[in-house]
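Summary of structural features
Take a look at the letters that make up each chain.
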Protein chains: 2
Amino acid sequence: MNITIVGLGLIGGSFAMALKELNPKNIYAVDIDEAALCKAENMKIIDKGYTNAEIPLKCSDLVIICLYPKLVKKFIKDNIENFKHKAIITDVTGIKKVMIYEINETLRKDLDFVFGHPMAGREQKGLEYSSKQVFKGANYIITPTERNQEKNVKFIEDVVYGIGFKNITKITPEQHDKIIGFTSQLPHVIAVSLVNSDNLNLNTGKFTGDSYRELTRIAQINSQLWTELFMDNSENLVKEIEIFEKNINAVKNAIINQDNDLLMTLLEKASVKRKGMS
Amino acid sequence: MNITIVGLGLIGGSFAMALKELNPKNIYAVDIDEAALCKAENMKIIDKGYTNAEIPLKCSDLVIICLYPKLVKKFIKDNIENFKHKAIITDVTGIKKVMIYEINETLRKDLDFVFGHPMAGREQKGLEYSSKQVFKGANYIITPTERNQEKNVKFIEDVVYGIGFKNITKITPEQHDKIIGFTSQLPHVIAVSLVNSDNLNLNTGKFTGDSYRELTRIAQINSQLWTELFMDNSENLVKEIEIFEKNINAVKNAIINQDNDLLMTLLEKASVKRKGMS
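Just so it is clear, the model here is predicted, and its values are computed rather than measured.

**With respect to the overall build of chain A**
A count of helices and strands for chain A gives 11 helices and nine strands. Expressed along its principal axes, the backbone C-alpha trace of chain A runs to roughly 70 × 40 × 30 Å. Put simply, chain A has 278 residues, and 61% of those count as buried. Residue pairs in contact within chain A that sit at least 24 positions apart in sequence constitute 70% of those at least 6 positions apart. Surface exposure of chain A reaches about 11700 Å², of which carbon and sulfur atoms provide 50%. Between the averaged position of the 36 positive side-chain charges in chain A and that of its 35 negative side-chain charges there is a distance of 3 Å.

**Here we look at the state of the cysteines**
All names here are of chain A. Overall, the coordinates contain zero disulfides over all chains when judged by the stated rule. In this model Cys-66 remains outside any disulfide bridge; the closest cysteine sulfur is found in Cys-59, 17 Å from its own. Its relative accessible area of 12% is what places Cys-66 among the buried residues.

**Examining the relation of the copies chain B and chain A**
Mapping chain B onto chain A calls for a rotation angle of 180° and an axial translation of 0.0 Å; the resulting RMSD is 0.0 Å. The superposition of one copy onto the other is thereby described by a two-fold rotation axis. Closest to the rotation axis within chain B is the C-alpha of Leu215(B), separated from it by 2.4 Å. The share of interface residues of chain B whose copies in chain A are also at the interface is 100%, consistent with both copies meeting through the same surface.

**Structural notes on the sheet that holds strand β4 (residues 62–65) of chain A**
All names here are of chain A. Strand order in the open sheet formed by six strands is β3-β2-β1-β4-β5-β6, with parallel pairing between adjacent strands. Looking at which strands have only one partner, the edges of the open sheet turn out to be β3 (48–50) and β6 (112–114). For this sheet, the mean inter-axis angle between neighbouring strands, taken without regard to orientation, is 20°. In this sheet, strand β5 (residues 88–91) lies alongside β4 in parallel orientation, the contact comprising four bridges. By the bridge assignment, Val-63 is partnered in β5 with Ile-89. Along the sheet face, helix α2 (residues 34–42) touches β2 (26–30) and β3 and points at about 170° away from the line of β3.

**Focus on the sheet that holds strand β1 (residues 2–6) of chain B**
Two modes of strand pairing occur in sheets, parallel and antiparallel, and in both the strands are linked by backbone hydrogen bonds. Residues and elements named next belong to chain B. The six strands lie next to each other as β3-β2-β1-β4-β5-β6, forming an open sheet whose pairing is parallel. Both outer strands of the open sheet, β3 (48–50) and β6 (112–114), are each paired with one neighbouring strand and no more. Each neighbouring strand pair of the sheet contributes to a mean axis angle of 20°, computed without reference to strand direction. Across four bridges, β1 lies against strand β4 (residues 62–65) in parallel orientation. Paired with Ile-5 across the two strands is Ile-64, which belongs to β4.

**Describing the UniProt feature "domain: Prephenate/arogenate dehydrogenase" (unreviewed entry) in chain A**
Mapped onto the present numbering, the UniProt feature "domain: Prephenate/arogenate dehydrogenase" (unreviewed entry) falls at residues 1–278 of chain A. Helix makes up 50% of residues 1–278 of chain A and strand 13%, with an end-to-end C-alpha separation of 36 Å.

**Quick word on the interface of chain B and chain A**
Residue-level contacts link 85 residues of chain B with 85 residues of chain A. Interface area for chain B against chain A, summed over the two sides, is near 8300 Å², with a carbon-plus-sulfur share of 65%. Linking chain B to chain A there are six salt bridges. In this structure, Arg217(B) engages Glu214(A) in a salt bridge whose closest nitrogen and oxygen atoms are separated by 2.9 Å. There are 34 residue pairs in polar contact (both at pLDDT 80 or more) connecting chain B and chain A. When residues of the side of chain B that touches chain A are traced back to their parent elements, those giving at least two are β8 (139–142), β9 (167–170), α7 (173–196), α8 (210–216), α9 (223–232), α10 (234–256) and α11 (260–275) of chain B. Residues that form the side of chain B that touches chain A fall into these classes: 40 nonpolar, 28 polar and 17 charged.

What counts and what doesn't
Residues numbered from 1 in each chain as written. Chains lettered and ligands numbered in written order. Predicted model: local features only at pLDDT ≥ 70, side-chain atom pairs only at ≥ 80, totals over all residues. Heavy atoms only, no water. Helix = DSSP H or I, 4+ residues; strand = E, 2+ residues; numbered from the N terminus. Buried < 20%, exposed > 50% of the residue type's maximum accessible area, 1.4 Å probe, protein only. Contact = heavy atoms within 4.5 Å. Areas by Shrake-Rupley, 256 points an atom, 1.4 Å probe, with all protein chains shown as cover. Lys, Arg positive; Asp, Glu negative; His and termini not counted. Charge placed at Lys NZ, Arg CZ, Asp CG, Glu CD. Disulfide = S-S within 2.5 Å. Least-squares fit on C-alpha atoms with pLDDT ≥ 70 in both. Pairing = 2+ DSSP bridges. Axes fitted to C-alpha atoms, helices over the stretch in contact; angles between N-to-C directions. UniProt positions renumbered as here; feature names shortened; annotations may be inferred. Buried area = accessible area lost by both parts, 1.4 Å probe. Salt bridge = Lys/Arg side-chain N within 4 Å of Asp/Glu carboxyl O. Polar contact = N/O pair within 3.5 Å; in protein donor to acceptor, adjacent residues only side chain to side chain. Nonpolar A, V, L, I, M, F, W, Y, C, P; charged D, E, K, R; others polar.

Set out below in structure tokens:
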């Protein structure tokens, strides 16, 4: 089996490292950054790198696209004739509904695109921060569509477990985008907004415990990627932000009104729920 | 030198463990929980435990009060005649201004209370989660008052560095409460509100990456302690919540208006600021 990874950034590089352990026949990589391809070859995490996708795609049974959302659609469109007959394609994109609709409209009939989302990453970007460790024990979401063949979905699941993920959940693209709006996008919006609220004009790092550092780690954000992700999921995300605004407002009002009982109830509710999270 | 630790919970227990390494003559502990005292004696992190503070206080040169804010005031008042002549007292309380004012009003003239705040903790409570590791490399704030003798402030600083803290910053009680409203209390309000916004009715843990888990760890909150802390610092905290609400609202509006440039600017601003934090 030959595999092509398209986009050799943090996630693409981590896939290459993790897949290498499963001993596929060849791992190819496609990227516009020749230095990254060269580095990956030297690290022996890929067998060969290409700036032009045609050659590796024509012989690859599995293609893993690790590009920003808008580039995924463009890549598929530009390369629609280059894919091997009956190739399986998957992605790592953080939003699904709109993208799946657009891609499935232009997809060749013999190709099977099984859309996936590894719930794993880092605050850095680029191959130099790649690590197969980032996948160990993490969650994965697959959003099967009517076009998908069951055996191909099963195949992707086997690969995902094989590279170290712990849980795979299969849900619809609509469910995915709603859930991710809450569990991933909202935390990023919050972290960014918290850092932007810093008006101490001091060396903030001298006055922090773990809490501030943990809440703001992900504010070291890849602005371009997350702008795309937020905009493409705006309806769900705005709803989640507004639910959050209501909840923080409830805490604020309990404090303003010096309502000890209500404040304690709100804290206790969160504490019990968080302790119960697996 | 004899030391008494009042309150043998997570922080008091951690102090006992860390202080033991500095080889003081005796470490005594005062708590209403006899089992905790007995456990600490068996662990050899204290020399003797007492449910009545009178005996240990009378021979202690340093008293470290690790109680909830309201109980600190009560403890001082109830034991004002029990402290050794010229004893140094310190605390670990997360709010300062109101407490310092109230305590200094009733404090015996020969006693020196150097108020402090270790920026270190855990989401659990109780002696069983104590660890001297929690202090290693952490920040400490001391809020000297006019009553304090310089040599006693210096003494507390030496102890604090001795048990593993990395930075000590000295600021006024007013500055402390404002800063802590932002760096500590606001993150806790946010974490609680985020968990309370979970209306997925799903096993949330299956759909999370590190971001949600990190942002909500501290939602496993000691409700009673933090209700006191929030209420006693309500003016500062409410201001910080409102600044945060403005900032999250700015992100929300950029998304609603599909203003890519503005959204990217807000993300980039946070990213640069957070990366620059020491």
